[in-house]
Amino acid sequence: MVFGAPYDGTSSFRKGSRFAPDSVRLAYDNLESFDPRYGVDYGEAAICDLGDLIELQSVDEMVESVSKVTSHIFSRGKLPIMLGGEHSITVGAVRSAGNCGMIIIDAHSDFRDSYHGSKLNHACVTRRCLELLGPGRIVSIGTRSISREEFESPEFNGVRFIRAEDVRKQGVQKFFAEIRKIAGDRIYFSIDMDGIDPAFAPAVGTPEPYGLSDCDVRDLLREFSKNVIGLDITEFSPQYDNGNTAMLASKLIQDFIGSRTS
Ligand code: MN
Ligand code: MN
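Residues numbered from 1 in each chain as written. Chains lettered and ligands numbered in written order. Predicted model: local features only at pLDDT ≥ 70, side-chain atom pairs only at ≥ 80, totals over all residues. Heavy atoms only, no water.

The subject of this paragraph is the coordination of the manganese ion (ligand 1). At 2.1 to 2.2 Å from the manganese ion (ligand 1) lie its protein donor atoms, namely H87 (ND1), D106 (OD), D110 (OD) and D192 (OD). Every donor residue of the manganese ion (ligand 1) comes from the same chain, spaced as H-x18-D-x3-D-x81-D. Between the manganese ion (ligand 1) and the manganese ion (ligand 2), both coordinated by D106, there is a metal-metal distance of 3.3 Å. D110 matches D106 in its accessibility class, with the two residues each being buried. (Donors = N, O, S within 2.8 Å, 3.2 Å for Na, K, Ca; no water. Buried < 20%, exposed > 50% of the residue type's maximum accessible area, 1.4 Å probe, protein only.)

This part covers the nonpolar core. Counting 47 residues, the largest nonpolar core has I141, I191 and M193 as the members making the most contacts within it. Counting 32 residues, the second-largest nonpolar core is a separate cluster that includes F74, M82, I89 and F111. (Core = buried A, V, L, I, M, F, W, Y, C linked by side-chain atoms within 4.5 Å.)

Here we take up the layout of surface pockets. If you add up the space inside the largest pocket, you get close to 330 Å³. Forming the walls of the largest pocket are M1, A45, A46, I47, C48, K78, L79, I81, F256, I257, R260 and T261. When its residues are assigned to classes, the lining of the largest pocket shows nine nonpolar, one polar and two charged. (1 Å grid on protein atoms, 1.4 Å probe; cavity = no way out; pocket = protein on both sides within 12 Å on 5 of 7 lines; lining within 4 Å. Points joined across faces, edges and corners; volume = space filled by probe spheres on them. Nonpolar A, V, L, I, M, F, W, Y, C, P; charged D, E, K, R; others polar.)

Its location among the elements puts S17 in the loop between β1 (2-5) and α1 (20-29). Polar contacts involving the side chain of S17 include one to the main-chain amide nitrogen of E86, which spans 3.1 Å. With sequence-adjacent residues up to four places away left out, S17 is seen in contact with Y7, D8, S11, G84, G85, E86, E235, F236, S237 and P238. (Helix = DSSP H or I, 4+ residues; strand = E, 2+ residues; numbered from the N terminus. Polar contact = N/O pair within 3.5 Å; in protein donor to acceptor, adjacent residues only side chain to side chain. Contact = heavy atoms within 4.5 Å.)

Strand order across the open sheet formed by eight strands is β4-β1-β5-β10-β9-β6-β7-β8, with parallel pairing between neighbours. Two strands close off the open sheet at either side, each with one partner strand: β4 (49-52) and β8 (159-163). Recorded for the sheet is a direction-independent mean angle of 15° between the axes of neighbouring strands. As defined by bridge partners, strand β7 (residues 138-143) adjoins β8 across five bridges and the pair is classed as parallel. For I141, the partnering residue across the bridge sits in β8 and is I162. Sitting on the sheet, helix α9 (residues 244-261) touches β5 (81-84), β9 (187-192) and β10 (228-234), and the angle it makes with β10 is about 170°. (Pairing = 2+ DSSP bridges. Axes fitted to C-alpha atoms, helices over the stretch in contact; angles between N-to-C directions.)

Attention shifts here to the pattern of salt bridges. One pass over the structure, following the stated rule, counts 22 salt bridges. Among the ionic pairs, R127 bridges to D113, the shortest N-O distance being 3.8 Å. Here R127 is found in helix α4 (residues 125-133), whereas its partner D113 is found in the loop between β6 (101-105) and α4, with 14 residues between them in sequence. A residue is classified by how much of its surface remains accessible, and R127, at 12% relative accessible area, is buried. For D113, a relative accessible area of 26% puts it in the partly exposed group. The shortest N-O distance in the salt bridge between R163 and D166 comes to 3.3 Å. Each of the salt bridges in this network shares a partner with another, and the network as a whole consists of D113, K119, R127, R128, E131 and E155. (Salt bridge = Lys/Arg side-chain N within 4 Å of Asp/Glu carboxyl O.)

Below, the structure is given as C-alpha cells:
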C-alpha cells in the first residue's frame with residue numbers, strides 16, 4: 001500500500017521533499033507497465049495508493065501520524081511503501097513495524113542524539129531506529145558523512161555502516177551475506193535518496209558526492225525484496241531535479257514490486 005508523507009520541517013539545507021510524493025507518482029505513471037525480467041504486468045499488480053497524509057506542523061505529530069497509518073497497514077498483513085518527505089518520517093514506520101531488522105541507504109550516518117533541538121530531526125534517524133530495534137539489527141549502506149561526535153559515540157557500533165567507497169571497490173554483492181545475517185528475514189528497507197551518487201539522484205536535501213550507483217541500490221532491493229516488510233523513499237526534493245531523481249525513485253519501486261512478485 002503506497003502513501004505519501006509530505007513533510008520537510010527539519011530539513012536543514014534544500015527543503016522541498018514535501019513535494020516528492022506526486023513527483024514520484026508522475027514518473028511512475030510514465031514507466032512501461034510490463035517487465036519481462038520478472039514476467040510482471042504492473043497494471044495487474046496488487047498495489048493501492050492511499051494518497052497523502054495531511055502535512056502537520058511538528059515533526060512529533062508527523063512521525064506519530066506515520067506510525068498510526070503504518071500500524072493499520074501492518075496489522076492487515078500489507079506492506080507499506082511510503083513516499084517521503086524527509087527521512088525523519090521513517091522512525092514512525094519503524095515504531096509500528098514490530099520485531100524486524102533494517103537496511104538503510106544513506107550518505108549520512110544520521111546518528112546524532114538530537115539536532116536543532118529535536119530528537120526526531122532527520123539527522124537522528126538511525127540512532128532512533130537503533131533504540132527501537134536494538135543493536136546488531138541495522139545495516140546502513142552508502143555512508144560517507146559522519147560527524148566526529150557521532151563517530152565517537154559509544155552506541156555507534158550497534159549499527160553496521162558500510163561505506164560507499166567499500167561498495168564501489170568490492171561490489172555490492174560481496175556484502176549480501178553479511179547484510180542478511182544482520183538484518184534477518186523481516187526487514188524494513190529505508191532509502192534516503194542521498195545515499196545514491198548525485199550523478200544519478202541530484203535532487204536531494206543534502207547531496208554528498210562519491211555515492212552508491214543506481215544499480216547498487218536496485219541490486220540490494222532485488223536481493224532482499226522477499227524479506228522486506230516495509231519500504232520508504234525519502235529526502236527527494238523535486239525542485240532541484242532534472243527529472244532523473246524522480247525516474248530513479250519510481251523505477252526502484254517498480255523493481256521492488258517486480259522482484260517480489262516474480
Ligand atoms: Mn538520512
Ligand atoms: Mn542522508
